[in-house]
Amino acid sequence: MEEYIYFSFTEADRKEAVQIAEQMKADGYVVWYDDGTDIDNKEDVLRNKENETSFALIYLTKRFLSDGDKMDGLYNLSDLEKPMCFIGKEDFKKNRRFENEFSDVRKLFLSEYGDLTELLQILYQNEYMIRCRKKIDEFEQCIYYSDPEGRNYVQQCGQLKTN
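Bear in mind the structure is a predicted one, so any value in this text is a computation, not a measurement.

(A) Up close: the overall build of the protein chain. Scanning the protein chain from terminus to terminus reveals seven helices and eight strands. By the burial criterion, 39% of the 163 residues in the protein chain qualify as buried. Nonlocal contacts in the protein chain, meaning residues at least 24 apart in sequence, comprise 56% of its contacts between residues at least 6 apart. Put simply, the protein chain shows about 10100 Å² of open surface, and 44% of that area lies on carbon and sulfur atoms.

Structure (structure tokens):
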């Protein structure tokens, strides 16, 4: 199974959070987030993604902390002992209740860094983030073709492998 980052945020924070997620994808990370599509079994899908993820990234805002469903998901991730990191614009380290409950979770806030680029550079050094990065630098252009018997082959970096 491919390792991925589960990115959680509130609907109200979607615009900013999706920009971060898309930048992470452009930087070669495998990121999954709720795209906002309304489906019947959405809660089941979210719980499955929480259970399967290698690393959870939480876009933390006051709105997130006041959203019961998001906090349930956060506690589920914590109960599953998933490695997590909180990122956001606001610094919640002064919130004693929050700090006591999640004292072992890495927290990165824009107030501590110059901009989003600097924050992401720090985040990208996390061992779990590194595991969730695609190996895009290792592969050159792939050439796909079929042999006369119809078996599919792919040539990657001069090596021939069957599909």
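(B) Region of the structure containing the environment of Glu22. One can find Glu22 in helix 1 (residues 14-26). A distance of 2.7 Å separates polar atoms of two side chains, one belonging to Glu22 and the other to Tyr33.

(C) Quick look at the packing of aromatic side chains. With the rule as written, the count across this model stands at five aromatic pairs. When the centroid spacing of 5.5 Å and the interplanar angle of 70° are considered together, the rings of Phe7 and Phe9 count as edge-to-face. Across the pair, Phe9 and Phe7 agree in class, each one buried. Measuring from centroid to centroid gives 6.2 Å for Phe55 and Tyr128, while their planes differ by 15°, and the two rings are stacked. Placement of the pair is Phe55 in strand 3 (residues 55-59) and Tyr128 in helix 7 (residues 127-131), with a sequence separation of 73 residues. The exposure class assigned to Phe55 is buried, which follows from its relative accessible area of 1%. Judged by its relative accessible area of 26%, Tyr128 falls in the partly exposed class. Aromatic ring contacts, followed pair by pair, group Phe7, Phe9 and Tyr33 into a single cluster.

(D) Structural view of unusual backbone geometry. With phi around 60°, Glu81 is a residue other than glycine that occupies positive phi space. Residue placement: Glu81 occurs in the loop between helix 4 (68-79) and strand 4 (84-88). A residue is classified by how much of its surface remains accessible, and Glu81, at 69% relative accessible area, is exposed.

(E) Here's a closer look at the layout of surface pockets. The calculated volume of the largest pocket comes to roughly 280 Å³. Together, 18 residues line the largest pocket, and Phe9, Asp34, Leu46, Asp69 and Lys70 are the ones closest to its centre. Elements that contribute at least two residues to the lining of the largest pocket include exactly strand 1 (5-8), helix 2 (42-52) and helix 4. In terms of residues, the lining of the largest pocket owes the most to one element, helix 2, which gives four residues. Looking at the lining of the largest pocket, its residues break down into six nonpolar, three polar and nine charged. Put simply, the second largest pocket is a space of about 160 Å³. Residue lining of the second largest pocket: Leu77, Ser78, Glu81, Lys82, Pro83, Met84, Glu101, Phe102, Asp104, Val105, Arg106 and Tyr128, and that is the complete set. Here the residues of the lining of the second largest pocket sort into six nonpolar, one polar and five charged.

(F) Examining the nonpolar core more closely. Residues Ile5, Phe7, Met24 and Ile87 are the most contacted members of the largest nonpolar core, which totals 23 residues. If you list the elements that add at least two residues to this core, you get strand 1, helix 1, strand 3, strand 4 and helix 6 (116-123). Considering each element in turn, this core owes the most residues, four residues, to helix 1. In terms of nonpolar packing, the next biggest core, distinct from the first, is built from 18 residues, Leu46, Met71, Met84 and Phe98 among them.

(G) Region of interest: the side chain of Asp13. Mapped onto the fold, Asp13 is located in the loop between strand 1 and helix 1. Residue classification places Asp13 among the buried residues on the basis of a relative accessible area of 1%. In contact with Asp13, other than residues within four places in its own chain, are Tyr59, Thr61 and Arg63.

The rules behind these values
Residues numbered from 1 in each chain as written. Predicted model: local features only at pLDDT ≥ 70, side-chain atom pairs only at ≥ 80, totals over all residues. Heavy atoms only, no water. Helix = DSSP H or I, 4+ residues; strand = E, 2+ residues; numbered from the N terminus. Buried < 20%, exposed > 50% of the residue type's maximum accessible area, 1.4 Å probe, protein only. Contact = heavy atoms within 4.5 Å. Areas by Shrake-Rupley, 256 points an atom, 1.4 Å probe, with all protein chains shown as cover. Polar contact = N/O pair within 3.5 Å; in protein donor to acceptor, adjacent residues only side chain to side chain. Phe/Tyr/Trp six-rings, centres within 6.5 Å; stacked < 30°, edge-to-face > 60°. 1 Å grid on protein atoms, 1.4 Å probe; cavity = no way out; pocket = protein on both sides within 12 Å on 5 of 7 lines; lining within 4 Å. Points joined across faces, edges and corners; volume = space filled by probe spheres on them. Nonpolar A, V, L, I, M, F, W, Y, C, P; charged D, E, K, R; others polar. Core = buried A, V, L, I, M, F, W, Y, C linked by side-chain atoms within 4.5 Å.

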